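Structure at a glance
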Amino acid sequence: MGYEPLNTPHRTIMTPGPVEVDPRVLRAMSTPILGQFDPAFTKLMNEVMAMQRAVFQTNNHWAFPIDGTSRAGNEALLASIIEPGDKVFVPIYGRFGHLLVEICERYGAEVHTIQCPWGEVFDPQVLIEELTKVSPKIVAIVHGETSTGRMQPLAEIGKACREQDVLLVVDAVASIGGVEVKTDEWQIDGIIGGTQKCLSVPSGMAPITFNERIEKLILERKKVEAGIATEADQRYKRSRLAIASNYFDLSMLMDYWSPRRLNHHTEATSMIYALHEGLRLVLGEGLDNRFARHKLHEKALVAGIEAMGLSLFGDARHKLPCVTCIEIPGGVDGESVRNMLLEDFSIEIAPSFGPLHGKIWRIGTMGYSCRKENVLAVLGALEAVLIRHTVAVNRGEALQAALDVYATEGKKTGIL
Ligand SMILES: *Cc1c(COP(=O)(O)O)cnc(C)c1O
C-alpha cells in the first residue's frame, strides 16, 4: 500500500511563526538546484550577503545565514565568542531569554541573569546599572520577545556596552523585517534574525551579521587554535574546549562565505533561493513601508480585539507590533477556542509558554500573513467562536472597528 501524495490544507496562519510564505518565495524554492561553487550560485550567495546588510541596517562586512532554525544563529554567534568561564549577562523577560542562558551555559559561560515579570521589559537604566556591576564580556538579549509580545529598547544598552567595551549580542529573530532594527546605530556587535517570522520565508535558516569587534575575537581564537599565537597553554586549552562545535564555527563559515569558498557544509540550495527572494521582497517593499504596514494591521487588530470587549495582555508602551497578546476570558478553555478556529475556520493562533500558558492567546501579524484579509478573518472567526463558547462579547463591533481603522489610517498611510 502506498502513501497519498501531500495534500496540505490551506491555513490562515496568525501565529508568531512559522507564518504564511509569499507564493513568490515558494516558487523560488522550486527552481533547479545549482552546485555550491557554480558561479550562478555564488552570485546568489553574495547578493544574499548584500541584502542582509540592508535589512539589518548595517555596514558590517559579515552578513550571511546559518543553516538551521533561528536558534542555530544564536548558537553560532555565542559559541564562537564564548570561552569557558567567560561572564555573560542575560536579562530575561520571556521564554527566549531562557534559551540564550541555556546556550551560553552549554558553552561554559558563567551566566548572570536578571528577570522582570513577563509582559514587561527592562528600564534601560536598570540594565546599565547591572552591566556596570557585573562587568561581563558579553551581553545577550532578546529584542522582540515573542512569548510575551514585548520589545526591549536597545539603543541605551548598546551605547553603554560600547563604552564599557562589552560585546552586545541580540536575538532579533521575531523583529527583523517587521519593525525597526538598527544594528549599527544601536551599536549591536552581533545579531540574529529569523526567517519564518517577519521575513515570511520557511523555517530553516538564521540570517546573522557581526562587526569587526566580533571578527577580531574569532580570528584571534583561530590563531590560538592553530598554535600560531603565543598565548599561555592554559588559555589555548580553554579555547579548544569552547570551539567544540564544527557546524557553528564562524571562522570556518567566514572562509566559506568569502571569495576563498573553503568548503564547510553543503549550502542549503533551495533555502538560499527562498531567503534571496524573501529579502528581495522586503527591500522591494521598502523597510519603512514594511514597518508601517505591520503597524497598520496591528492597529486594526487591536481596535477589533478591544471593540469585542477583550483585554490585551502586557505593558502597552512596549508592545511588539507583530505580536498581539490577548487575555483569555475567565472560565474559557483557551485550547478549545484555538481548536475550533483551526477546525472550522482553518485559522491558527498561538497559545503561550510557561507562566502564560492557558492565560493568553497570541496573534501574529508577521510578513506575508500580515494582511487585511487575514486580520478581518481572524477577528470575525474569533468573535463567532467566543460566542459559541458563551463569552459575552460585544457582537458585531470588532470587524467594524477594524474596518474603521483601515478606512481612515489605510488611506492616510497610503498602504491600502
Ligand atoms: C522563534 C524565536 C526563536 C527560535 O526560533 P527557532 O527557529 O524555533 O529556532 C528564538 N528567538 C525568538 C525571539 C523567537 O521568536
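These figures come from a predicted structure and were not determined experimentally. (Residues numbered from 1 in each chain as written. Predicted model: local features only at pLDDT ≥ 70, side-chain atom pairs only at ≥ 80, totals over all residues. Heavy atoms only, no water.)

Examining the site of the ligand
Definition in use: Definition of nearness: a residue and a molecule or strand are near each other if at least one heavy atom of the residue lies within 4 Å of the molecule or strand. Any pair of nitrogen or oxygen atoms within 3.5 Å is treated as a polar contact; in protein, a donor-acceptor pairing is required on top of that, and neighbouring residues in sequence qualify only through side-chain atoms on both sides. In this description, accessible areas are obtained by the Shrake-Rupley approach with a 1.4 Å probe, and a residue is regarded as covered only by the protein chains that are shown. Three categories are distinguished: nonpolar for Ala, Val, Leu, Ile, Met, Phe, Trp, Tyr, Cys and Pro, charged for Asp, Glu, Lys and Arg, and polar for the others, with Gly belonging to the last.
Every residue near the ligand is listed here: Thr-69, Ser-70, Arg-71, Phe-96, Val-142, Gly-144, Thr-146, Asp-171, Val-173, Ala-174, Gln-196 and Lys-197. In the environment of the ligand, an oxygen atom lies 2.7 Å from a nitrogen or oxygen atom belonging to the side chain of Thr-69. Residue Arg-71 places a main-chain N or O atom 2.9 Å away from an oxygen atom belonging to the ligand. Burial of the ligand by the protein chains amounts to 91% of its free accessible area of 390 Å². Partitioning the shell around the ligand into residue classes produces four nonpolar, five polar and three charged.

Here's the deal with the pattern of salt bridges
The test is simple: Any carboxyl oxygen of Asp or Glu within 4 Å of a side-chain nitrogen of Lys or Arg constitutes a salt bridge here.
Counting across every chain of the model gives 24 salt bridges. Its salt-bridge partner being Arg-371, residue Glu-373 comes within 3.3 Å of it at the nearest N-O pair. What you see here is one network of salt bridges that share partners, running through Arg-162, Asp-165, Asp-189 and Arg-213.

With respect to the domain arrangement of the protein chain
In many analyses, interface size is given as the accessible surface area lost on bringing the parts together. Short version of the rule: Domain boundaries shown here were taken from an automatic or database domain assignment. Here the quantity called buried area is the accessible surface, traced with a 1.4 Å probe, that two parts lose on coming together, added over both. Going along the chain from the N terminus, every DSSP run of H or I of four or more residues is numbered as a helix, and every run of E of two or more is numbered as a strand.
Taken domain by domain, the protein chain holds domain 1 (23-282) and domain 2 (286-413). Each of domain 1 and domain 2 has a C-alpha centre, and the two are 31 Å apart. Of the roughly 2200 Å² buried between domain 1 and domain 2, counting both surfaces, carbon and sulfur atoms make up 65%. Of all residues in domain 1, Trp-118, Arg-150 and Val-282 bury the most surface against domain 2, accounting for 24% of the area lost on that side. Taken together, the connections running from domain 1 to domain 2 amount to zero salt bridges. Among the elements of the structure, α2 (39-55), β6 (144-145) and β7 (150-151) are those that each provide at least two residues to the side of domain 1 that touches domain 2. Tallied by class, the residues present in the side of domain 1 that touches domain 2 amount to 12 nonpolar, 10 polar and six charged.

Here we look at helix α5 (residues 124-134)
Filter applied, for reference: The classification of residues rests on relative accessible area computed with a 1.4 Å probe and restricted to protein chains. Under 20% of the type maximum is buried, over 50% is exposed, and intermediate values are partly exposed. Directions are taken from the helix axis to each C-beta atom, and the arc is the one they span. By the convention used here, residues are in contact when the closest approach between their heavy atoms is within 4.5 Å.
Residues Pro-124, Leu-127, Ile-128, Glu-130, Leu-131 and Val-134 constitute the buried set of α5. Burial along α5 is one-sided: seen end-on, the buried residues are contained in an arc of 165 degrees. Within α5, the exposed residues directed more than 90 degrees away from the buried face are Glu-129 and Lys-133. Lining the buried residues of α5 we find β3 (87-92), β4 (110-115), β5 (138-142) and α6 (155-163). You can read the cap of α5 off the contacts: a side-chain oxygen lies 2.9 Å from the backbone nitrogen of Gln-125, and it is on Asp-123. Ser-135, located one to two residues past α5, shows a positive phi value of around 50 degrees.

As for the nonpolar core
Note the cut-off: Here, the term nonpolar core denotes a set of buried Ala, Val, Leu, Ile, Met, Phe, Trp, Tyr and Cys residues that are joined through side-chain atoms within 4.5 Å.
Grouped together as the largest cluster of nonpolar side chains are 88 residues, with contacts concentrated most on Phe-64, Ile-66, Phe-210 and Leu-250. Sequence-distant contacts of Leu-250, defined by excluding residues within four places in its chain, comprise Phe-64, Ile-66, Ala-76, Leu-77, Ser-80, Ile-208, Phe-210 and Ile-218. Grouped together as the second largest cluster of nonpolar side chains are 30 residues, Leu-379, Ala-381, Val-385 and Val-391 included.

Some words on the pairing of β3
Selection criterion: Strands are treated as partners if at least two bridges between them are detected by DSSP. Assignment of crossover handedness uses the view with strands pointing away from the viewer, where a clockwise path from the first strand over the helix to the second indicates a right-handed crossover.
Within β3, five of the six residues are buried, which leaves it mostly tucked inside the rest of the structure. Taken together, the six bridges between β3 and β4 define a ladder with parallel strand orientation. Each residue of the ladder has a partner; that of Phe-89, found in β4, is His-112. In this view, the connection linking β3 to its parallel neighbour β4 by way of helix α4 (residues 95-106) has right-handed handedness. In the sheet, β3 pairs with β5 via two bridges, with the strands oriented parallel. Paired with Phe-89 across the two strands is Val-139, which belongs to β5.

A look at the environment of Gly-190
By the secondary structure assignment, Gly-190 is in strand β9 (residues 190-193). Each C-alpha atom, one on Gly-190 and one on Trp-62, is 9.8 Å from the other, the two residues being 128 residues apart in sequence. With residues near it in sequence (within four places) discarded, Gly-190 still touches Leu-77, Leu-168, Val-169, Val-170, Thr-209, Phe-210 and Ile-214.

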